[in-house]
Amino acid sequence: MIAEQLRRRNIRDERVLQVMARVQRHRFVPEALTEQAYSDNALPIAEQQTISQPFIVALTAEALMLQGDERVLEIGTGSGYAAAVLSLLTREVWTIERFRSLAETAAARLHAEGYTNVHVGIGDGTAGWPEHAPYDAIAVAAAGPHIPQSLIEQLAMGGRLVIPVGSREEQQLVRIVRMPDGLRQDRLGPVRFVPLVGQEGWAGEPPAQQR
Ligand code: SAH
């Protein structure tokens, strides 16, 4: 996985590569899919969501330019896999998930696997998690039609936000850096994520009604 999926596609941050080698992705996929845990793609989890492709997790982590002492917010906990990766790259991670069932499973798994610096919350992450703001880095693991204003407001000066933006079918992974004179934006490439559903994302059924 490290050589073929990550190095070959130009993931260069050695800390990211080391952490990707350390986190056991097979602990975060449904048991029936254990054998596919290190394959080069997203895999289905509960609530019709997915655990992200390893390359996308590495690309996002690298783009956040983490040195080790940041406070990081993730939107879309899902399986908890990306939160585990981020937690080994930085000081503290807050991650928020709209499906209670996913949040609870991920929190239990992260705890069982010994990730002690991750805090899992339940709710609409398009509003961010204002209580712990500002964040040095924000990673959004679901794709919205535009960049939620709340997330920009919760970025520290110099902070980085990585988010897929576009239509429901295809998106660009975008990095925003908050600078004293405004926002700098660069494109990291075409991607496909599950939809970001919420106040500042796509409309959707409230999760409680889906179960
Ligand atoms: N980082 C996850 C990827 C999960 S897929 C992993 O490594 O497994 C994206 C997740 O975002 C889904 O679980 C989906 O339910 C969640 N999501 C979508 N919109 C959201 C919102 N507004 N707030 C919080 N979570 C959201």
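Residues numbered from 1 in each chain as written. Predicted model: local features only at pLDDT ≥ 70, side-chain atom pairs only at ≥ 80, totals over all residues. Heavy atoms only, no water.

1. Points about the pattern of salt bridges
Alright, step 1. All chains considered together, the criterion is met by six salt bridges.
Alright, step 2. For the salt bridge of Glu 70 with Arg 160, the shortest nitrogen-to-oxygen distance reads 3.9 Å. Here Glu 70, found in the loop between helix H3 (54-63) and strand E3 (71-75), pairs with Arg 160, found in strand E7 (residues 155-166); they are 90 residues apart in sequence, far enough to count as distant.
Alright, step 3. Residue class for Glu 70 comes out buried when judged on its relative accessible area of 4%.
Alright, step 4. We note a salt bridge from Arg 175 to Asp 186, for which the minimum N-O separation is 3.2 Å. (Salt bridge = Lys/Arg side-chain N within 4 Å of Asp/Glu carboxyl O. Helix = DSSP H or I, 4+ residues; strand = E, 2+ residues; numbered from the N terminus. Buried < 20%, exposed > 50% of the residue type's maximum accessible area, 1.4 Å probe, protein only.)

2. Considerations on the layout of surface pockets
Alright, step 1. Roughly 650 Å³ of internal volume is contained in the largest pocket.
Alright, step 2. Along its surface, the largest pocket is lined by 43 residues, and Gly 76, Glu 97, Ala 141, Ala 142 and Val 194 are the ones closest to its centre.
Alright, step 3. For the lining of the largest pocket, the secondary structure elements donating two or more residues are strand E2 (50-51), H3, E3, helix H4 (81-89), strand E4 (92-97) and strand E6 (135-140).
Alright, step 4. Per element, the largest residue contribution to the lining of the largest pocket is four residues, and it comes from H3.
Alright, step 5. Class assignment of the residues belonging to the lining of the largest pocket gives a composition of 21 nonpolar, 15 polar and seven charged. (1 Å grid on protein atoms, 1.4 Å probe; cavity = no way out; pocket = protein on both sides within 12 Å on 5 of 7 lines; lining within 4 Å. Points joined across faces, edges and corners; volume = space filled by probe spheres on them. Nonpolar A, V, L, I, M, F, W, Y, C, P; charged D, E, K, R; others polar.)

3. Re the pairing of E4
Alright, step 1. Counting buried residues along E4, five of its six residues qualify, which places the element largely inside the surrounding structure.
Alright, step 2. Pairing between E3 and E4: five bridges, direction parallel. Counterpart to Ile 75 in the pairing with E4 is Ile 96.
Alright, step 3. With H4 bridging E3 and its parallel neighbour E4, the resulting β-α-β unit is right-handed.
Alright, step 4. Pairing of E4 with strand E5 (residues 118-122), which is carried by five bridges, proceeds in the parallel orientation. The partner of Val 93 across the bridge, within E5, is Val 118. (Pairing = 2+ DSSP bridges. Right-handed = clockwise from strand over helix to strand, strands pointing away.)

4. Re unusual backbone geometry
Glycine aside, negative phi is the norm for most residues, and most peptide bonds take the trans geometry.
Alright, step 1. Note that the residue after Ala 133, namely Pro 134, is joined by a cis bond; omega there is 0°.
Alright, step 2. Residue position: Pro 134 is located in the loop between E5 and E6.
Alright, step 3. Even without glycine at this site, Met 65 takes up a positive phi of about 50°.
Alright, step 4. Looking at the element boundaries, Met 65 is found in the loop between H3 and E3.
Alright, step 5. According to the relative accessible area criterion, Met 65 is partly exposed, its value standing at 35%.

5. Focus: the nonpolar core
Alright, step 1. By size, the foremost hydrophobic cluster in this structure holds 44 residues, and its most contacted members are Ile 11, Met 20, Val 23, Phe 28, Tyr 81, Val 85 and Leu 86.
Alright, step 2. Within the second largest apolar cluster, 19 residues are counted, among which are Trp 94, Ile 147, Ile 163 and Val 174. (Core = buried A, V, L, I, M, F, W, Y, C linked by side-chain atoms within 4.5 Å.)

6. Remarks on the side chain of Gln 154
Alright, step 1. Positionally, Gln 154 belongs in the loop between helix H6 (149-153) and E7.
Alright, step 2. Gln 154 sits in the buried class, given a relative accessible area of 8%.
Alright, step 3. Discounting residues that sit within four places of it in the chain, Gln 154 has contacts with Leu 73, Ala 127, Gly 128, Trp 129, Pro 130, Ala 133, Pro 134, Tyr 135 and Ile 138. (Contact = heavy atoms within 4.5 Å.)

7. Things to note about the sheet that holds E4
Alright, step 1. With mixed pairing, seven strands are arranged side by side in an open sheet as E5-E4-E3-E6-E7-E8-E9. Unpaired on one side and paired on the other, E5 and strand E9 (182-191) mark the two borders of the sheet. The average undirected angle you get between the axes of adjacent strands in this sheet is 15°.
Alright, step 2. Helix H5 (residues 100-112) rests against E4 and E5 of the sheet, and its axis sits at about 165° to E5. (Axes fitted to C-alpha atoms, helices over the stretch in contact; angles between N-to-C directions.)

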